[in-house]
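# Working through the structure, step by step
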Amino acid sequence: MGSSSEDLRDHIIGLLPRLRRFARSLARNIQDADDLVQITAERALARAEQLRPDHSVASWLFGILRNAWIDEGRSRRRRESLLEPEDLAERVGDPAGGTDPELLCLQDALSRLPDEQRLAVALVLIEGFSYKEAASIMGVPVGTLTSRLARGREALQSMLSETSGVLS
Amino acid sequence: MTFPDEVLMAYADDELDARTRAAVEAAMASDPEIARRIAQHKALRSRVHSAFNKVLEEPVPARLLKVVRSNPSGPHKNNVVPLHRRPVRRWAWQQWTAVAASLIVGLIAGRFALVRSRVAGPIVMRGGRVIAGGMLADALSDQLVATQSAAGPVRIGVSFRSKAGEYCRTFALARPAPLAGVACRAGDDWRVRVLARTEWTTGGGADTYRQAASPMPPAVTAAVGNLIAGEPLDAQAEATARGQHWRP
C-alpha cells in the first residue's frame, strides 16, 4: 500500500495545476479556489481506497472537487457581478503575476450560469474532457450533459458577444 | 440538410462519429450559416480555454503541495494521526444574535447600497470586455500626469502609444483596493489590459501614492514593455492626445 499511496500523491501533485484551473472556473476568487483544491486533495488521500483500479485518477479527483464545490455552494452568495468593487482586491493577482482582464471577464460570465451548465462548460471547454468523461464526473447521462453544455454555451455566447450591453 | 445546434456543437468539440461528421462537413460546404455556427462554437471554446490556460502557468501554492505530500493517506492506516480537518463551525447563541443584528444592519445598509450601486465601479464589463468605469474612466480621459493632484483617488503613471497605435495609460487606484493596471483607448472606452495588486501608502492622514517608494507592479511594467511602441508621451504630447480625445 505504501508505494501505491506514494503513486497517488505524485499523481495528485501532477494534477494540481489542472485542479486549480478547474476550481478557478467555479470559485469566486483565488483563495476560495485554492481552498477547494485543498479539500479535494485531503478527501482524495483520506478515501484513497475508493479509487478503483480501472478508474481514471483525473476523473475521480475532478469529481471530488465538483462535489466539494456543490457542498460549499450552500453558503455561496449570488451577487450581481464578480467585478463588484469590494471583491476586486481578492480577485486580482499579485503584483508580479497580475491578472488578465479577459480571465476576469470569463469568470464573471461563467458565474452567471446555473451551476449545472457552468460545470458542463468548465469540464468540456476549459478542462477538455470528452462528453463521456464529463458526464461521468457529473454523474449524469451523456444526453443530459450535452443539453446542459449547449444551453450554457448559448448563454455565454450572448453574454460575451461584442454587441451585448453592460453586463449587470 | 439541417442539424440541431447540439450536433454542430458536438462537431466543434470533435464528438461525432465518422458518419455524422461527414454529413455535417458536406452540409457545411454548401451552407455558410452552418459553417458560421460551427466557427462560433469553436471560437467560444478556444476563447474560454485560452483564458483559463494561464492558470496552469501560475506556481502552485506551497500549502497545496504540503497537504499532498504530508497528509496521511487512508482512514485505517493512520488512525494515530488525526486527519487535518477544517473545524466544523458550531455557533453559539451569541453568534446567532450577532448574525441577526448584522442582518438588520444589512437591511438598512442595503437601502443605501441600492443607491450606491448605480455609480459604476472602476472596473466594469461591457460587451464581453473589461473596461474602466466611473472615476477611473474619468481620470484616464481627463487627468494629465503633469497636473494631477497627489491627493486624487486615481494616479496616472505614464501614457504611451501601443504598437497597434492606440493610446494607453498606466493607472493606480487606492479604492476600492490598491490596484494598478494598464488601460488602452478603444472607441469611447478604456479597455483594461492588465490589473495587479499594488501598494498605496498612507501618509500624513491622507492617502498619497508614493511613486518613488512603490513603483509599478512588475505585472504592469511587463505589460507596458509588451505594448509600447517608442517612448512614453511627454507632457506636451499627452496634452495634445487628450485634446483629441485619445483618438489615434
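Residues numbered from 1 in each chain as written. Chains lettered and ligands numbered in written order. Predicted model: local features only at pLDDT ≥ 70, side-chain atom pairs only at ≥ 80, totals over all residues.

To continue, consider unusual backbone geometry. All names here are of chain B. Here the phi dihedral of Asp14 falls at roughly 60°; this positive angle occurs in a residue that is not glycine. With respect to the secondary-structure elements, Asp14 resides in the loop between helix H1 (5-12) and helix H2 (18-30). Residues other than glycine seldom take positive phi values, yet His245 does so here, at roughly 55°. With respect to the helices and strands, His245 occurs in the segment after helix H8 (235-243). Among the residues examined, His245 registers 10 C-beta atoms within 10 Å and is labelled exposed. (Helix = DSSP H or I, 4+ residues; strand = E, 2+ residues; numbered from the N terminus. Buried ≥ 20, exposed ≤ 12 C-beta atoms within 10 Å, placed from the backbone.)

Turning our eyes to something else, we now look at the packing of helix H6 (residues 115-126) of chain A against helix H7 (residues 131-138) of chain A. Residue and element names in this part refer to chain A. For the pair H6 and H7, the least separation of the axes is 9 Å and the interaxial angle reads 140°. Taken together, the axes of H6 and H7 are oblique relative to one another. Here H6 runs over H7; the crossing is right-handed. Seen from H6, the contacting residues are Leu119, Ala120, Leu123 and Val124; seen from H7, they are Tyr131, Ala134, Ile137 and Met138. Grouping the constituent residues of the contact of H6 with H7 by class yields eight nonpolar, no polar and no charged. (Axes fitted to C-alpha atoms, helices over the stretch in contact; angles between N-to-C directions. Parallel < 35°, antiparallel > 145°, perpendicular 65-115°, else oblique. Left-handed = near helix turned anticlockwise from the far one by under 90°. Contact = placed C-beta atoms within 7 Å. Nonpolar A, V, L, I, M, F, W, Y, C, P; charged D, E, K, R; others polar.)

The next thing to look at is the domain arrangement of chain B. A common measure of how large an interface is: the accessible area buried when the components associate. According to the domain assignment, chain B contains domain 1 (5-49) and domain 2 (123-243). In this structure, domain 1 of chain B and domain 2 of chain B have C-alpha centres spaced 41 Å apart. (Domains from an automatic or database assignment.)

This part is about helix H8 (residues 142-160) of chain A. Here H8(A) contains 19 residues, and its C-alpha end-to-end distance of 26 Å stays within 8% of the 27 Å for a straight helix at 1.5 Å per residue. For H8(A), the full list of buried residues reads Leu145(A), Thr146(A), Arg148(A), Leu149(A), Ala150(A), Gly152(A), Arg153(A), Leu156(A) and Leu160(A). (Expected span 1.5 Å × (residues − 1).)

Our next topic: the domain arrangement of chain A. Residue and element names in this part refer to chain A. One can read the domain layout of chain A as domain 1 (1-76) and domain 2 (113-163). Inter-centroid distance (C-alpha atoms) of domain 1 to domain 2 is 20 Å. Taken together, the contacts link 10 residues of domain 1 with 11 residues of domain 2. Among the elements of the structure, helix H1 (2-24) and helix H3 (57-72) are those that each provide at least two residues to the side of domain 1 that touches domain 2. Top contributing element to the side of domain 1 that touches domain 2 by residue count: H3, with four residues. Of the residues in the side of domain 1 that touches domain 2, the class split is three nonpolar, four polar and three charged.

Let us now look at the interface of chain A and chain B. Counting residues at the interface gives 63 residues for chain A and 56 residues for chain B. For the side of chain A that touches chain B, the secondary-structure elements that each account for two or more residues are H1, helix H2 (30-46), helix H4 (85-91), helix H5 (101-111), H6 and H8 of chain A. Counting residues per element, the side of chain A that touches chain B draws most heavily on H1(A), which supplies 10 residues. For the side of chain A that touches chain B, the class distribution of residues is 34 nonpolar, 14 polar and 15 charged.

Moving on: the nonpolar core. Counting 101 residues, the largest nonpolar core has Leu36(A), Leu65(A) and Phe171(B) as its most contacted members. Every residue in contact with Phe171(B), bar those within four places of it in the chain, is listed here: Leu136(B), Ala139(B), Leu140(B), Val154(B), Arg155(B), Ile156(B), Gly157(B), Ala180(B), Gly181(B) and Ala183(B). (Core = buried A, V, L, I, M, F, W, Y, C linked by C-beta atoms within 7 Å.)

In helix packing, the relevant descriptors are the interaxial angle and the interaxial distance, both defined with respect to the helix axes. Residues and elements named next belong to chain B. Between H1 and helix H3 (residues 32-57), whose axes approach to 9 Å, the crossing angle comes to 55°. As far as their axial angle goes, H3 and H1 are oblique. Judged by the sense of rotation from one axis to the other, the crossing of H1 with H3 is right-handed. From H1, Asp5, Leu8, Met9, Tyr11 and Ala12 reach across to H3, where they touch Ile34, Arg37, Ile38, His41, Lys42 and Arg45. Looking at the contact of H1 with H3, its residues break down into six nonpolar, one polar and four charged.

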